[in-house]
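Summary of the model geometry
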Amino acid sequence: MCEPFPCPECGAMQMVFTVEDYRTEDGLTVPHLRHLKCNACNERFFDDEAMHCIQAERDRLHWWAKPQTARFEPTLPD
Ligand SMILES: [Zn+2]
């Protein structure tokens, strides 16, 4: 495949690979992550390799083991 790609979000031919630190929605920072970014709307997209890198970083930091939402868990009545 050749860059740039059309952006699925805004349609601009401005999707290019970029290498940046990326912070996920749940607060995990993946340093130097190679991923696709739209220069028109700044939307980020992740190919299989990028997804793999994010997962590898989660595994390395045992990110899933952190009980981030535990304090918000409601106590359900029986
Ligand atoms: Zn876009």
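Read on for an overview of the structure. (Residues numbered from 1 in each chain as written. Predicted model: local features only at pLDDT ≥ 70, side-chain atom pairs only at ≥ 80, totals over all residues.)

1. Describing the pairing of strand S1 (residues 15-23)
Two faces, one strand: in a regular strand the side chains alternate between the faces of the sheet. Judged from the eight bridges that link them, S1 and strand S2 (residues 29-38) form a sheet pairing that is antiparallel. Bridging from a neighbouring strand, Tyr 22 pairs with Val 30 of S2. In textbook terms, the turn of a hairpin is the stretch between consecutive antiparallel strands, and for S1 and S2 this stretch comprises five residues, one of which, Gly 27, has a positive phi near 95°. (Pairing = 2+ DSSP bridges. Helix = DSSP H or I, 4+ residues; strand = E, 2+ residues; numbered from the N terminus.)

2. Observations regarding helix H1 (residues 48-61)
Along its 14 residues, H1 runs 20 Å from first to last C-alpha, staying within 8% of the 20 Å computed at 1.5 Å per residue. Among the 14 residues that make up H1, zero are buried, leaving the element largely open to the surroundings. (Expected span 1.5 Å × (residues − 1). Buried ≥ 20, exposed ≤ 12 C-beta atoms within 10 Å, placed from the backbone.)

3. Considerations on unusual backbone geometry
In terms of backbone geometry, most residues other than glycine have negative phi values and most peptide bonds are trans. The phi angle at His 32 is positive, at roughly 55°, despite the residue not being glycine. Mapped onto the elements of the fold, His 32 is located in strand S2. With 9 C-beta atoms packed within 10 Å, His 32 lands in the exposed category. Phi is positive for Asn 42, which is not a glycine, with a value near 65°.

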